[in-house]
Amino acid sequence: MKIERVAIVTESFLPTINGVTTSVCRVLDHLQETGREAIVITPRCGAPTQYRGTPVFEVPSLAYRQFPVGLPSPQVAALLQRFQPDVLHAASPFMLGGQAIGEAQRVGLPSVAIYQTDVAGYAKRNRLGAGASIAWKVIKQIHNGADRTLAPSSAAIADLKNAGVKRVKKWVRGVDLEGFHPDNRRGAASAALRERIAPGGETIAGYVGRVAPEKGLHRLEALEGIPNIRVAIVGDGPAMPEVRSRLAKLDPVYLGALSGNALSAAYGSFDMFCHTGAEETFGQTLQEAAAAGLPVIAPRAGGPIDLVDEGETGHLFEPDSRTELHQAVARLASSSSERGRMGEAGRRRVLTRSWPSVCDDLIKHYEKATARALRGVEEAELVEA
């Protein structure tokens, strides 16, 4: 069946900027550019009424730790009934997405669930104990209601399968290969930023992302004592006071939250990219750094395992090893030739991951989910790729 109309139910949307929102916006761009129609249903959070012409509908929500959580609402069924989509796309489904998948099951609408939250890592960090088991049961129930679940990395797929989630396939994220480009390093904006961060010509190790507990920025303490290095942090978030305190000896340059050309210039000013979060289901900023021609250093955990080729595009370190992180950064700081070699290899590695290419793959997943729903579950399971 040809996919012409897609209903996207997302737990997060503009004005909130995160991985879920970015992916949804890129999917919407692709749907519009390929002549398809869409709607967005999201928790009430001050979202725009449309995104590039695509209608956006808000439903009731409550605030939980600064994030809006969508509440079950009859609006969801009414909106789906009125729009008559060919497929439901549930982005990082929880309460709102779970309701939408249930409604899709009820009316025979094919559905695809996108997994983007590291439940295991979150549970471990917050010492949830029995709560983690309950959380995985909820995840299992929600995702097994969908015709297909898409996960971005080998680690995420393994977590889902271990929890009993069925019909899990891999779908990576795309990257803006033009916006994040090695040539940005030669631009005036990047040069000015380099002068601001490292006026003495020091090597710059940069981080981009939320400044939140799960991002593990305290790990950058391990960089203390490395000669001729400066650290730059792009982003903001609730952990900023703690991060400023713990990294005081390192004296990082805090550039705040950036986007668009300013973010591209920031990547262009870095000599290497240093990621610290050990709970990533994927790691979009690692792809952006690679596209910008930077070697990447990241924890050997979750999504980065798929994204960093040890010794080829960067280095992986054990999350709890200050020594490994220190040595990896020191090694790259002392060798511009190694940084160049790894940066070139990283750029080559992501050249097949443009957003149009990745979204074309998503359309194929929509079609497979639709085939499963139309054929009947048992027959489709036998022929599913």
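Structural data are supplied above this passage.
Residues numbered from 1 in each chain as written. Predicted model: local features only at pLDDT ≥ 70, side-chain atom pairs only at ≥ 80, totals over all residues. Heavy atoms only, no water.

**Student:** Which parts of the structure should I look at to understand the overall build of the chain?
**Tutor:** Secondary structure summary: the chain contains 15 helices and 16 strands in total. The C-alpha atoms of the chain give 21 Å as radius of gyration, which agrees with the globular expectation for 385 residues (21 Å, within 12%). Projected onto its principal axes, the C-alpha coordinates of the chain cover approximately 65 × 45 × 40 Å. Classification of the 385 residues of the chain by burial places 55% in the buried group. In the chain, the proportion of contacts linking residues at least 24 apart, taken out of those at least 6 apart, comes to 64%. Accessible surface for the chain amounts to roughly 16600 Å². Of this, 52% is attributable to carbon and sulfur atoms. Treating the 45 positive side-chain charges of the chain as one cloud and the 42 negative ones as another, the clouds have centres 2 Å apart. (Helix = DSSP H or I, 4+ residues; strand = E, 2+ residues; numbered from the N terminus. Rg over C-alpha atoms; globule rule 2.2 N^0.38 Å. Buried < 20%, exposed > 50% of the residue type's maximum accessible area, 1.4 Å probe, protein only. Contact = heavy atoms within 4.5 Å. Areas by Shrake-Rupley, 256 points an atom, 1.4 Å probe, with all protein chains shown as cover. Lys, Arg positive; Asp, Glu negative; His and termini not counted. Charge placed at Lys NZ, Arg CZ, Asp CG, Glu CD.)

**Student:** Would you mind going over the sheet that holds strand S14 (residues 272-274) with me for this structure?
**Tutor:** The strands making up a sheet are joined through hydrogen bonds of the backbone, oriented either antiparallel or parallel. Read from one edge to the other, the open sheet built from 6 strands follows the order S13-S12-S11-S14-S15-S16, with strand pairing classed as parallel. Either end of the sheet is taken by a strand with one partner, and the two such strands are strand S13 (253-256) and strand S16 (314-317). This sheet shows a mean twist of 25 degrees between the axes of neighbouring strands, independent of strand direction. Here strand S12 (residues 229-234) pairs with S13 via 3 bridges, running parallel. When the bridges of S13 are listed, valine 234 appears paired with glycine 256. (Pairing = 2+ DSSP bridges. Axes fitted to C-alpha atoms, helices over the stretch in contact; angles between N-to-C directions.)

**Student:** Sorry, what's going on with helix H14 (residues 355-375) here?
**Tutor:** One turn of the α-helix equals 3.6 residues, which is why residues spaced by three or four share an orientation. If you check H14, its first and last C-alpha atoms are 30 Å apart, about what 21 residues at 1.5 Å a residue would give, namely 30 Å. Looking only at H14, the buried set comprises Trp355, Val358, Cys359, Leu362, Ile363, His365, Tyr366, Ala369, Thr370, Ala371 and Arg372. (Expected span 1.5 Å × (residues − 1).)

**Student:** Is there a simple way to think about the environment of arginine 52 in this case?
**Tutor:** As for its position among the elements, arginine 52 is in the loop between strand S3 (50-51) and strand S4 (54-59). Expressed as a C-alpha distance, the spacing of arginine 52 and arginine 36, which sit 16 residues apart in the sequence, is 13 Å. Not counting the four nearest positions on each side in its chain, arginine 52 is found in contact with Asp29, Gln32 and Glu33.

**Student:** Is there a simple way to think about the side chain of aspartate 271 in this case?
**Tutor:** Here aspartate 271 lies in the loop between helix H9 (260-269) and S14. Among the polar contacts listed, one links the side chain of aspartate 271 to the side chain of arginine 194, at a separation of 3.2 Å. In terms of polar contacts, aspartate 271 uses its side chain to reach the backbone amide nitrogen of isoleucine 204, at 2.7 Å. Setting aside anything within four residues of it in sequence, one finds aspartate 271 in contact with Arg185, Arg194, Glu202, Thr203, Ile204, Leu294, Pro295 and Arg339. (Polar contact = N/O pair within 3.5 Å; in protein donor to acceptor, adjacent residues only side chain to side chain.)

**Student:** Teacher, can you tell me more about the packing of aromatic side chains here?
**Tutor:** Think of a pair of aromatic rings as described by two things: how far the centres are apart, and how the planes are tilted against each other in angle. Applying the stated criterion across every chain yields a total of 5 aromatic pairs. Here the aromatic rings of tyrosine 267 and phenylalanine 270 are separated by 6.2 Å at their centres, their planes lie at 65 degrees, and the arrangement is edge-to-face. Neither residue differs from the other here; tyrosine 267 and phenylalanine 270 are each classed as buried. In this structure an aromatic cluster arises from ring pairing among Phe180, Tyr267, Phe270 and Phe273. The cationic tip of arginine 5 hangs over the ring face of phenylalanine 83; the distance from NZ or CZ to the ring centre is 4.3 Å. When the ring centre of tyrosine 254 is taken as origin, the NZ or CZ atom of arginine 244, which lies over that ring, is 4.2 Å away. (Phe/Tyr/Trp six-rings, centres within 6.5 Å; stacked < 30°, edge-to-face > 60°. Lys NZ or Arg CZ within 6 Å of the ring centre and 35° of its normal.)

**Student:** Got a minute to help me understand the nonpolar core in this structure?
**Tutor:** One finds Phe13, Val27, Leu28, Tyr267, Phe270, Phe273 and Tyr366 to be the most contacted residues of the largest nonpolar core, which totals 60 residues. The biggest single contributor to this core is H14, with 7 residues. In this structure phenylalanine 270 touches Arg185, Arg194, Ile204, Gly206, Tyr207, Val208, Ala232, Val234 and Leu294, once residues within four positions along its chain are discounted. Leu217, Ala222, Met240 and Val243 belong to the second largest nonpolar core, which has 27 residues in total. (Core = buried A, V, L, I, M, F, W, Y, C linked by side-chain atoms within 4.5 Å.)

**Student:** For this particular structure, what's the right way to read the sheet that holds S4?
**Tutor:** As summarised here, the arrangement of the 8 strands in space is S3-S4-S2-S1-S7-S8-S9-S10, forming an open sheet in which the pairing is mixed. Of all strands in the sheet, those bounded by a partner on one side alone are S3 and strand S10 (168-170). The sheet contact formed by strand S7 (residues 87-91) and strand S8 (residues 111-114) spans 4 bridges and is parallel. Residue pairing in the sheet places histidine 89 in a bridge with valine 112 of S8.

**Student:** Before we go on, may I ask you to explain the packing of helix H7 (residues 188-197) against H9 in this structure?
**Tutor:** In a packed pair of helices, the relevant descriptors are the angle between the two axes and the axis-to-axis distance. At a minimum axis separation of 8 Å, H7 and H9 run at an interaxial angle of 60 degrees. Classified by the interaxial angle, the pair formed by H7 and H9 is oblique. Judged by the sense of rotation from one axis to the other, the crossing of H7 with H9 is right-handed. In contact with Ala189, Ser190, Leu193, Arg194 and Ile197 of H7, H9 contributes Ser264, Ala265, Ala266, Gly268 and Ser269. For the contact of H7 with H9, the class distribution of residues is 5 nonpolar, 4 polar and 1 charged. (Parallel < 35°, antiparallel > 145°, perpendicular 65-115°, else oblique. Left-handed = near helix turned anticlockwise from the far one by under 90°. Nonpolar A, V, L, I, M, F, W, Y, C, P; charged D, E, K, R; others polar.)

**Student:** Quick question: what am I supposed to make of a nonpolar patch on the surface here?
**Tutor:** Together, Phe94, Met95, Ile134 and Val138 make up an exposed nonpolar region whose accessible area comes to about 330 Å². Looking at the element boundaries, isoleucine 134 is found in helix H5 (residues 130-144). (Patch = residues over 30% accessible without salt bridge, like charges linked within 9 Å, V, L, I, M, F, W, Y side chains within 5 Å. Salt bridge = Lys/Arg side-chain N within 4 Å of Asp/Glu carboxyl O.)

**Student:** Sorry, what's going on with the packing of helix H12 (residues 322-333) against helix H13 (residues 336-350) here?
**Tutor:** At their nearest, the axes of H12 and H13 sit 6 Å apart, and the two run at 105 degrees to each other. With respect to each other, H12 and H13 are oriented roughly perpendicular. Of H13, the residues touching H12 (which contributes Arg331, Leu332 and Ala333) are Glu338, Arg339 and Met342. Taken together, the residues that form the contact of H12 with H13 break down as 3 nonpolar, no polar and 3 charged.

**Student:** Where do I start with unusual backbone geometry in this structure?
**Tutor:** Most peptide bonds take the trans form, and the phi angle of most residues other than glycine is negative. Omega for the peptide link from leucine 14 to proline 15 comes to 10 degrees, which places this bond in the cis form. The backbone of arginine 167 shows a phi angle near 55 degrees, a positive value even though the residue is not glycine. Along the chain, arginine 167 falls in the loop between helix H6 (154-162) and S10. A relative accessible area of 14% places arginine 167 in the buried class. In this structure, asparagine 228 is a non-glycine residue whose phi angle is positive, near 60 degrees. Looking at where asparagine 228 falls in the secondary structure, it is placed in the loop between strand S11 (203-208) and S12.

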